[in-house]
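Commentary on secondary and tertiary structure
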Amino acid sequence: MSVPAVLAAIRQAEAQAGRPPGSARLVAVTKGQDLPSIERCVLSFGAFPLGEGRAQELRDKAAVRPDLEWHYIGTLQRNKVKYLRPVTLVHSIEAVWQAEAIAQAAQGWGRAPDVLLQLHNGEAQKHGLSGTEMPGALREVQATGLTVRGLMVMAPDVGGLEDAERDARLLALFTDTARRAHDLGLSELSMGMSGDYPLAVRAGATLVRVGRSLFS
């Protein structure tokens, strides 16, 4: 599926939800892809934020193309914070120490990325803050001086379910995330990936992270 096809599906989901066109942005997930492939499969269709999940890979690509909008979407380790200088948005803050480390590093960069807080999706092996932890974490992250723009959530593994049950579970998670963001006064919602982004758009996603569909 190409960028135009994904954009058409996003626009269709926006229309079905009564949302204005363009209210959900595509974040092209480019981890594991080289720059020629990114230019051919993504950038030839326009300017899109590029989402990287490996900090050193991000560093290397951004060094060649500093003109692009880079997002970090992976799990953040302390020794990888130094590689986030080119990033405009970090999607995956799940602990206050991560925000503190970014804020400290940003003092030397002269600018700081905005951040999203990652909501835990209920799976034991997944990362994120619980709903009860979220208000306190928001206050503490904001106290570092970083701008918190919204929430991010990863869809759980729903393999083996019938399509209707699968969609219902995912839509419930996305809708709950949107409600939590609204209650916290946050407007950005990063949710939805290659297999479920139309459902995320229906629930209010403003950023959808699509990767393999763009390069297959």
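As a reminder, the structure under discussion sits directly above these lines.
The following refers to the structure shown. (Residues numbered from 1 in each chain as written. Predicted model: local features only at pLDDT ≥ 70, side-chain atom pairs only at ≥ 80, totals over all residues. Heavy atoms only, no water.)

Turning our attention to helix α3 (residues 55-64). Because an α-helix completes one turn every 3.6 residues, residues spaced three or four positions apart along the sequence face the same direction. Among the residues of α3, A55, E57, L58, K61 and A62 are the ones counted as buried. Seen from one end, α3 has its buried residues packed into an arc of 150 degrees, which puts them on one side. For α3, the exposed residues set more than 90 degrees away from the buried face come down to A63 and V64. (Buried < 20%, exposed > 50% of the residue type's maximum accessible area, 1.4 Å probe, protein only. Helix = DSSP H or I, 4+ residues; strand = E, 2+ residues; numbered from the N terminus. Arc of directions from axis to C-beta.)

Moving on, we come to the packing of aromatic side chains. Taken as a whole, this structure holds zero aromatic pairs when the rule is applied. If you follow R59 out to its NZ or CZ, it ends over the ring of Y83, 4.7 Å from the centre. (Phe/Tyr/Trp six-rings, centres within 6.5 Å; stacked < 30°, edge-to-face > 60°. Lys NZ or Arg CZ within 6 Å of the ring centre and 35° of its normal.)

Below, the discussion takes up the pattern of salt bridges. Side chains that carry opposite charge are capable of pairing whenever their charged atoms lie near each other. As enumerated under the stated definition, the model contains 14 salt bridges in all. Notably, a salt bridge pairs E52 with K61, separated by 2.7 Å at the nearest N-O pair. Its relative accessible area of 8% is what places K61 among the buried residues. Where R59 meets D60, a salt bridge forms, and the shortest distance between an N and an O atom there is 2.9 Å. Residue R59 is classed as partly exposed on the basis of its relative accessible area of 34%. (Salt bridge = Lys/Arg side-chain N within 4 Å of Asp/Glu carboxyl O.)

Next up on the list: the environment of G145. Among the structural elements, G145 can be located in the loop between α5 (134-143) and β6 (148-153). It is 9.0 Å that separates the C-alpha atoms of G145 and A99, two residues lying 46 residues apart in sequence.

Our next topic: the environment of A5. Along the chain, A5 falls in helix α1 (residues 3-16). Judged by its relative accessible area of 33%, A5 is partly exposed. Along the chain, A5 and L214 lie 209 residues apart, while their C-alpha atoms are 9.0 Å from each other.

Structurally, the position occupied by S37 is in helix α2 (residues 35-41). On the basis of relative accessible area, S37 is assigned to the buried category, the value being 12%. There is a polar contact of 2.8 Å between the side chain of S37 and the side chain of D34. The residues contacting S37, other than those within four sequence positions of it, are V42 and F215. (Polar contact = N/O pair within 3.5 Å; in protein donor to acceptor, adjacent residues only side chain to side chain. Contact = heavy atoms within 4.5 Å.)

Turning our eyes to something else, we now look at the nonpolar core. Within soluble globular proteins, side chains that are nonpolar generally end up buried alongside one another. One finds V42, L84, L117, F174 and M191 to be the most contacted residues of the largest nonpolar core, which totals 67 residues. A total of seven residues in this core trace back to one element, the largest contributor, which is helix α4 (residues 96-109). Once you skip the residues sitting within four places of it in the chain, V42 turns out to touch V3, A28, S37, F48, L50, L214 and F215. Ranked by size, the runner-up nonpolar core spans five residues in total, among them V27, L89, L116 and L207. (Core = buried A, V, L, I, M, F, W, Y, C linked by side-chain atoms within 4.5 Å.)

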